[in-house]
Amino acid sequence: MSIQPKIHINLKEINTKKQRLEKIKIELKHEFIGIDYIIEELVDYIQIWYLMPEILTRPIIVNLWGMTGVGKTDLIRKLVSKLEYQDRFVEVELSNGESTWNSSVSSILETNGINNAKPAIVLFDEIQRFYTIDSEGKPLLNTRFQDFWELLSDGKLAKRDAKESIDDYLQRYLYAAMQRQKRKQKLKDAPSMPPDPLNPMGVISSEDEEATVGVWEAQSLKKIFDLKESVNEIAEMREEDVLMMMQQTREKKKVYEPINHAKTLIIISGNLDEAYSMANETGETDIEADIFRAYTEKITIVDIKNALSRKFKPEQVARFGNIHLIYKSLRKVDFEHLIQEELVKICKKNKEHFGVDIEISQNFNQLIYQNGVFPVQGVRPVFSSITDIVEANLSKLLFEAFMGNLMHIAMDYDFEKKKIVAQLAGKRTIELDYVGKIDQIRQDNSPDMIASIAVHESGHAITYGILLGLAPLQLKSRVASRYAQGFSFPHSIHLSKENIVSKIKIYLAGGIAEEIIFGEDKATVSRSFDREEATSMVMEYIRKYGFDKNFQAWYAHSGPYSMELSVTDWAIERMIRDLAKEARELLEANKDFLIYLSKELAQKGSLKPLEVVLIAHKFGHTFEVKEENYLHLAGYEGLLNEL
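I will try to describe carefully the structure that is included in this document. Residue numbering note: each chain is counted from 1, following its sequence as written. pLDDT decides what is reported in this predicted model: residues at 70 or higher carry local features, side-chain atom pairs at 80 or more are listed and counted, and totals for whole chains, interfaces and linings draw on all residues regardless. Only hydrogens and water are set aside when side-chain values are computed; all heavy atoms of the structure are taken into account.

### Considerations on the overall build of the protein chain
Within the protein chain one finds 23 helices and 16 strands. When accessible area is computed with a 1.4 Å probe and restricted to protein chains, residues below 20% of their type maximum are described as buried, those above 50% as exposed, and intermediate ones as partly exposed. A total of 643 residues make up the protein chain; the buried ones form 45% of that total. Contacts spanning at least 24 positions in sequence make up 73% of the contacts within the protein chain whose residues lie at least 6 apart. Surface accessibility in these figures is a Shrake-Rupley result with a 1.4 Å probe; residues are shielded only by whichever protein chains are displayed. In the form shown here, the protein chain has an accessible surface area of approximately 35200 Å², with 52% of it arising from carbon and sulfur atoms. Numbering of helices and strands runs from the N terminus, with a helix taken as a DSSP run of H or I at least four residues long and a strand as a DSSP run of E at least two residues long. The contact criterion used throughout is that any non-hydrogen atoms of two residues lie within 4.5 Å.

Have a look at this one:
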């Protein structure tokens, strides 16, 4: 005897849906830049919900985490549109404030018609604004949206105070019906009354006739009693029939059961700065996008859960589940692709609308990149810069083109002259003065300041290269900052005793390089941060890690276990002095290298790793170029296997 499945599986329909989902995936990859891996994962995770929602016993929960401007919300909106789920979709922003009149998820879903257990999509966006513990880990007294955790737990939302609401409504409805019945009976029992001049025929008013429910009442009844009949059907029913139906529904108890959202796709999205430590670098435009990308590639589900634990209780973190799609910041090539696509769109749009052929040189791509890309802010600043740099100036050129009937515009940018140069149909040349907003800031750095920074950063770079054998990821002396601070950007360095000593020397080398080149009296205070970091590392070297054989106790303890810190002060001072002396000896032995590199850096404003490698080679040093996600780590495996 074969057992028939309770759920009918339509393989043809499933296959059709699967093909459609594959098509949507391809379309999304064409519409979004740099997030193919997210689209792949997202489509894979929602397949079961989209193809066979009938078999789900709890909702699918997908989490999207990333910095701003990487395409989290827009991706979901476009996915919803392509799935044609607009009427079964709702965006919810939970917060601890009182900005909305809703205080529960259930009421929001009910308002949007999602509380009927059918397949739907709910996006909880900007979830970082909603938290249940404070910065010290103490629970907040917050009663808003508590059913959010019920929804994530098993997908069932209880009908709050359902019995009281139903009984209250039933009593009020019954009382109103009895009053109407009394008025009708009173009219029947008084036939001898003189005719009413306003109603000489003695006609019973519409209010006292055998009443039907009406549309407005029907809507409330359907909602409260969860009636299967349509609003129009209920509206045409007699009061007696509706009253009987209400009683039957109440006795079945089904109306009190929680609403099951097992077929709901729940998407949670947010910016977790606690996991993306570089997210606060919003004003940074000089650090390469690929460096930020390398840092975000190291973020794992463990980091995400740790970040969530700073906002939510442990049992709440668990309810987010284990499907976490982690956005990486966009690469340099992604921004370049985005810029090129937008320029192509501008040319196409103007051809379609105005019949003007437009050519935009690659110089504009570079101009937009160096003035519009703030890596941690995503794509939004780029769009703004394209409007400022291209579209605003193009509008001036279009006017001239129309006036002279010159329907071809070739746009170029001259970096030396700081001018936009346009050729109109090869017959007329127009030049427009233009300096990018960020380039203007870079230009404002004085030559003397740049020279000082170049020497300082070259000191870091040379010490870094000689001690670790690496060229820094970036070396800059001219940046978009009113404070004109350059930088020598390092790789990730594993903290061993040897590497800590090397890092301390590298920190100290910037200020020492200034003393060697300019003299001690002209050394600047730009060493302040470097010495602070170096001192912190020496303190940990001695007090925390026990690398100084004279101090093996844990001098970093606090409270009842605290040690007398002053005991280690002289050892810290002595170690910094010794390492500063060694760093000075290293740089003085390579003074010609320091002078040459400093001049190159001051002139160019920035040097790429390969350029540093070639300069080092001139002075007998071999530096390696390593990718952004390289970790400088001793060969421990080889050392172990040698034994």
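Once the structure has been displayed, the description carries forward.
### Digging into the sheet that holds strand 13 (residues 487-489)
Ordered by their spatial adjacency, three strands build an open sheet running 13-12-15, and the pairing between neighbours is antiparallel. Because the sheet does not close on itself, it has two edges, and the strands there are strand 13 and strand 15 (606-607). Here two bridges tie strand 12 (residues 474-476) to strand 15, and the two strands are oriented antiparallel to one another. The residue bridging leucine 475 from the neighbouring strand is leucine 607, located in strand 15. Think of it this way: DSSP has to see at least two bridges between two strands before they count as a pair.

### Things to note about the sheet that holds strand 6 (residues 264-270)
On the basis of which strands lie adjacent, the open sheet formed by five strands has the order 2-3-6-1-7 and parallel pairing. The open sheet has two edge strands, strand 2 (89-92) and strand 7 (324-326), and neither has a second partner. Strand-to-strand twist across the sheet, computed as the mean angle between neighbouring axes with direction ignored, equals 15°. For strand 2 and strand 3 (residues 120-124), the ladder comprises four bridges, and the chain directions are parallel. Opposite valine 90, over in strand 3, you have valine 122 as the bridge partner. Its contacts with the sheet place helix 11 (residues 301-308) against strand 1 (60-65) and strand 7, and it is angled at close to 105° to strand 7. Axis lines are fitted to C-alpha atoms, over the contacting stretch for helices. Their N-to-C directions set the angle, which ranges from 0 to 180 degrees.

### Let's talk about helix 21 (residues 591-604)
Every α-helical turn comprises 3.6 residues, leaving residues that sit three or four positions apart pointing alike. Between its terminal C-alpha atoms helix 21 stretches 20 Å, which fits the 20 Å expected from 14 residues at 1.5 Å a residue. Contacts from the buried residues of helix 21 go to helix 17 (447-468), strand 12, helix 18 (497-518), strand 15 and helix 22 (609-618). Within two residues after helix 21, glycine 605 carries a phi angle of roughly 85°, on the positive side. The span one expects for a helix is its residue count, reduced by one, times 1.5 Å.

### Let's talk about unusual backbone geometry
For glutamate 84, which is not glycine, the phi dihedral falls at a positive 60°. Within the fold, glutamate 84 resides in the loop between helix 3 (73-83) and strand 2. Judged by its relative accessible area of 58%, glutamate 84 falls in the exposed class. In this structure, alanine 425 is a non-glycine residue whose phi angle is positive, near 55°. Examined against the element boundaries, alanine 425 turns out to sit in the loop between strand 10 (419-424) and strand 11 (428-433).

### Structural notes on the pattern of salt bridges
When a carboxyl oxygen of Asp or Glu lies within 4 Å of a side-chain nitrogen of Lys or Arg, that pair is called a salt bridge. Scanning the model with the defined rule gives 33 salt bridges in all. Between lysine 25 and glutamate 22 there is a salt bridge, with the nearest N and O atoms lying 3.4 Å from each other. A residue pair is termed a helical-turn pair when its members lie 3 or 4 positions apart in one helix, as lysine 25 and glutamate 22 do in helix 1 (residues 11-31) at three residues. The salt bridge partner of glutamate 582 is lysine 505, with a shortest N-O separation of 2.7 Å. Here glutamate 582, found in helix 20 (residues 569-589), pairs with lysine 505, found in helix 18; they are 77 residues apart in sequence, far enough to count as distant. Classification of glutamate 582 by relative accessible area gives partly exposed; the value is 35%. Relative accessible area serves as the criterion here: at 14%, lysine 505 is assigned to the buried category. Overlapping salt bridges, with partners in common, bring together Glu22, Lys25, Lys29 and Glu40 in one network.

### What to know about the packing of helix 18 against helix 20
For the pair helix 18 and helix 20, the least separation of the axes is 8 Å and the interaxial angle reads 60°. Taken together, helix 18 and helix 20 sit at an angle that is classed as oblique. Seen from above, helix 18 lies across helix 20 with right-handed handedness. Residues Val501, Ile504, Lys505, Leu508, Ala509, Ile512, Ala513, Glu515 and Ile516 of helix 18 form the contact with helix 20, whose own contacting residues are Met575, Ile576, Leu579, Ala580, Glu582, Ala583, Arg584, Leu587 and Glu588. Lys, Arg, Asp and Glu make up the charged group, whereas Ala, Val, Leu, Ile, Met, Phe, Trp, Tyr, Cys and Pro make up the nonpolar group; the residues left over, Gly among them, are polar. Within the contact of helix 18 with helix 20, the residues separate by chemical class into 13 nonpolar, no polar and five charged. With respect to orientation, any angle under 35 degrees is reported as roughly parallel, any angle over 145 as roughly antiparallel, any angle of 65 to 115 as roughly perpendicular, and every other angle as oblique. Helix crossings are classified by the rotation of the near helix relative to the far one: an anticlockwise turn of less than a right angle makes the crossing left-handed, while a clockwise turn makes it right-handed.

### What to know about the nonpolar core
Put simply, a nonpolar core is a bunch of buried Ala, Val, Leu, Ile, Met, Phe, Trp, Tyr and Cys residues held in one set by side-chain atoms that sit within 4.5 Å of each other. Core analysis: the largest hydrophobic core is formed by 75 residues, its most contacted members being Trp49, Leu83, Phe124, Phe148 and Ile268. Ranked by residues supplied to this core, first place goes to helix 2 (residues 36-51) with eight residues. Here isoleucine 268 is in contact with Ile61, Val62, Asn63, Leu64, Trp65, Phe124, Ile127, Phe148, Leu152 and Phe320, once residues within four sequence places are set aside. Tyr555, Leu587, Leu601 and Phe623 belong to the second-largest nonpolar core, a separate cluster that totals 41 residues.

### Some details on helix 5 (residues 147-154)
Taken residue by residue, helix 5 has Asp147, Phe148, Trp149, Leu151 and Leu152 as its buried positions. If you follow the buried residues of helix 5, they end up packed against strand 1, helix 4 (105-111), strand 3, strand 4 (156-157), strand 6 and helix 12 (314-319). Positive backbone phi, at 85°, marks glycine 155, one or two positions downstream of helix 5.

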